[in-house]
Amino acid sequence: MSLANLTPSPGFEDWLPVEYKDLVNEGPYFREKKPKVSDMGKFKEILEEHPMCAGCAMTLFIRLTFIGLPNPEHSIIVGTAGCGRLAISQASIPFIYGNYGDTNAVASGLKHGLDIRFPNQPKDVLVMAGDGGLIDIGFQQLMHSWFRKEKFTTIMLDNEVYGNTGGQESGMTQHGKILKMAPRGKTGDKIDALGLAKVAGVDYIARIAPTNPSRVARTVRRAVLVAREIGSAYIQAYTSCNIEYAIPTPEVMQDAFDVEKERYGFEEIISDRAKEYLKEIEKKDKKK
Ligand SMILES: Cc1ncc(C[n+]2csc(CCOP(=O)(O)OP(=O)(O)O)c2C)c(N)n1
Ligand code: SF4
């Protein structure tokens, strides 16, 4: 979506809601200098309202993702069934609803189509889906998109449960966890999705919890830039489900800090060619 698409025709402006006008005038589209996380609250965000549970960490992570996009006006998100799409689909960025499990195949086709249709304008494709949608039902397509080195970013919203359907265990649930619909406790281990990404040759891999907003935005930016030029990118984000894990809303952030410290520390695994590329870009950014 370009700013030109969003800008209202003359005379029509008076009839539009103030939020819409704010987005066109103050939002992060086409600004010479992108707004920073520390400016949140001072500019119109791409996502502001959503119907997800109060205090859900996933929505915080999604908001930060949108701020981190290097080129929101030329980004497209592919999502699917699961909690995250409730917010992602409310954002003013094109959203494609893939069938559950199909996201990475849809994104592969979409990315190739966009490259043909817009040879002179890079379009950033991102998959944002839950752990169930990616590591269980979408596993085959996830892995094959990585093996094919498809140039898009996959973000796993890892709440370690099927949140949207009431608490079934997923491949990313920890061993032994008792959930509403896993009353005997999970028997298998949490799948090492980072390890799988590494084996598949993904060029940019990161594990992150939403404890440091600027780091989330920077990680998203790095992933998208690598996917634009080099190869696949994967971000695995701890985005707790306060409902299924019975985390009181005021303690959601404390839980994120605790889990980060225990087992979800920030980690980046970057291929040599992606490192070189990021070094160049970040050098140019600093000069600017
Ligand atoms: C093919 C298919 N199977 C099952 C479902 C039902 N379904 C909808 S959301 C969901 C679970 C979502 O869990 P996850 O992907 O982890 O996302 P979360 O809701 O936890 O964010 C399931 C099984 C579906 N929509 N389509
Ligand atoms: S069910 Fe869990 S993951 Fe889904 S919106 Fe509610 S708190 Fe967030």
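Residues numbered from 1 in each chain as written. Chains lettered and ligands numbered in written order. Predicted model: local features only at pLDDT ≥ 70, side-chain atom pairs only at ≥ 80, totals over all residues.

Q: Any chance you could explain the overall build of the chain here in plain terms?
A: Counting its regular elements, the chain contains eleven helices and seven strands. Overall, the chain is about 60 × 40 × 35 Å in size when its C-alpha atoms are taken along their principal axes. Expressed as a percentage of its 288 residues, the buried residues of the chain come to 43%. Taking as baseline every contact in the chain between residues at least 6 positions apart, the subset at least 24 positions apart corresponds to 66%. (Helix = DSSP H or I, 4+ residues; strand = E, 2+ residues; numbered from the N terminus. Buried ≥ 20, exposed ≤ 12 C-beta atoms within 10 Å, placed from the backbone. Contact = placed C-beta atoms within 7 Å.)

Q: Please clarify how the nonpolar core should be interpreted in this entry.
A: The tendency in soluble globular proteins is for nonpolar side chains to be buried as a group. Of all hydrophobic cores here, the largest spans 61 residues; its most connected members are Tyr204, Ala223 and Val226. In terms of residue count, the dominant contributor to this core is helix H9 (residues 213-229) (eight residues). When sequence neighbours within four positions are dropped, the list of residues in contact with valine 226 reads Asp203, Tyr204, Gly231, Ala233, Ala274, Tyr277 and Leu278. Judged by nonpolar contacts, the second largest core, of five residues, contains Val161, Tyr162, Leu179 and Ile243. (Core = buried A, V, L, I, M, F, W, Y, C linked by C-beta atoms within 7 Å.)

Q: What am I meant to see in helix H3 (residues 57-68) here?
A: In an α-helix, one turn spans 3.6 residues; hence positions three or four apart end up facing the same way. Between its terminal C-alpha atoms H3 stretches 17 Å, which fits the 16 Å expected from twelve residues at 1.5 Å a residue. Within H3, eleven of the twelve residues are buried, leaving the element largely enclosed by the surrounding structure. Buried residues of H3: Ala57, Met58, Thr59, Phe61, Ile62, Arg63, Leu64, Thr65, Phe66, Ile67 and Gly68, and no others. On its buried face, H3 is in contact with helix H4 (84-88), strand S4 (153-158), H9, strand S6 (233-238) and helix H10 (252-263). (Expected span 1.5 Å × (residues − 1).)

Q: Would you mind showing me how to read the site of ligand 2 here?
A: Taken together, Met52, Cys53, Cys56, Met58, Cys83, Asn159, Gly163, Asn164, Cys241, Asn242, Ile243 and Glu244 are the residues near ligand 2. Taken together, the residues that form the shell around ligand 2 break down as seven nonpolar, four polar and one charged. (Near = placed C-beta within 6 Å. Nonpolar A, V, L, I, M, F, W, Y, C, P; charged D, E, K, R; others polar.)

Q: Please explain the site of ligand 1 as it appears in this structure.
A: Taken together, 19 residues form the shell around ligand 1, and within it Gly82, Tyr100, Gly130, Gly132 and Asn164 come nearest. A per-element tally of the shell around ligand 1 places helix H6 (residues 131-136) first, with three residues. Its residues placed into classes, the shell around ligand 1 shows seven nonpolar, eleven polar and one charged.

Q: Help me understand the sheet that holds strand S1 (residues 75-79), please; the structure alone is not making it clear to me.
A: Pairing between the strands of a sheet comes from backbone hydrogen bonds, and it takes one of two forms, parallel or antiparallel. Pairing is mixed in the open sheet, where seven strands are placed in the order S2-S1-S3-S4-S6-S5-S7. The outermost strands of the open sheet, each flanked by one partner alone, are strand S2 (95-97) and strand S7 (267-270). In this sheet, neighbouring strand axes are inclined to one another by 15° on average, regardless of whether the strands run parallel or antiparallel. Here four bridges tie S1 to strand S3 (residues 124-130), and the two strands are oriented parallel to one another. Bridge pairing in S3 places isoleucine 77 opposite leucine 126. Lying on the sheet, helix H5 (residues 103-117) is in contact with S1, S2, S3 and S4; it crosses S3 at an angle near 170°. Each of S3, S4, strand S5 (204-208) and S6 touches H9; the most contacted strand, S5, lies at about 160° to it. (Pairing = 2+ DSSP bridges. Axes fitted to C-alpha atoms, helices over the stretch in contact; angles between N-to-C directions.)

Q: Honestly, the environment of threonine 154 in this entry has me stumped. Any pointers?
A: Looking at the element boundaries, threonine 154 is found in strand S4. Note on threonine 154: 29 C-beta atoms within 10 Å, which makes it buried. The sequence separation of threonine 154 and serine 232 amounts to 78 residues, and the corresponding C-alpha distance is 7.9 Å.

Q: Please explain unusual backbone geometry as it appears in this structure.
A: Across the chain, the bulk of peptide bonds are trans and the bulk of non-glycine residues have phi less than zero. A positive phi angle is found at lysine 149, which is not glycine, with a value near 60°. Along the polypeptide, lysine 149 turns up in the loop between helix H7 (139-147) and S4. The class for lysine 149 is partly exposed, based on 13 C-beta atoms found within 10 Å. Residue glutamate 160 is not a glycine yet carries a positive backbone phi of 60°. Looking at the secondary structure, you find glutamate 160 in the loop between S4 and helix H8 (193-199).

Q: What is the right way to read the pairing of S6 from this model?
A: Consecutive side chains of a regular strand alternate in pointing toward one face of the sheet and then the other. Counting buried positions along S6 yields six of six residues, so the element is predominantly enclosed. With burial as the criterion, each face of S6 is covered, one bearing Ala233, Ile235 and Ala237 and the other bearing Tyr234, Gln236 and Tyr238. Across six bridges, the pairing between S4 and S6 is parallel. Each residue of the ladder has a partner; that of threonine 153, found in S6, is alanine 233. Relative to S6, S5 is paired through five bridges, and the arrangement is parallel. Looking at the pairing, isoleucine 208 lines up with alanine 237 of S6. Crossover handedness for the path S5 to H9 to S6: right-handed. (Right-handed = clockwise from strand over helix to strand, strands pointing away.)

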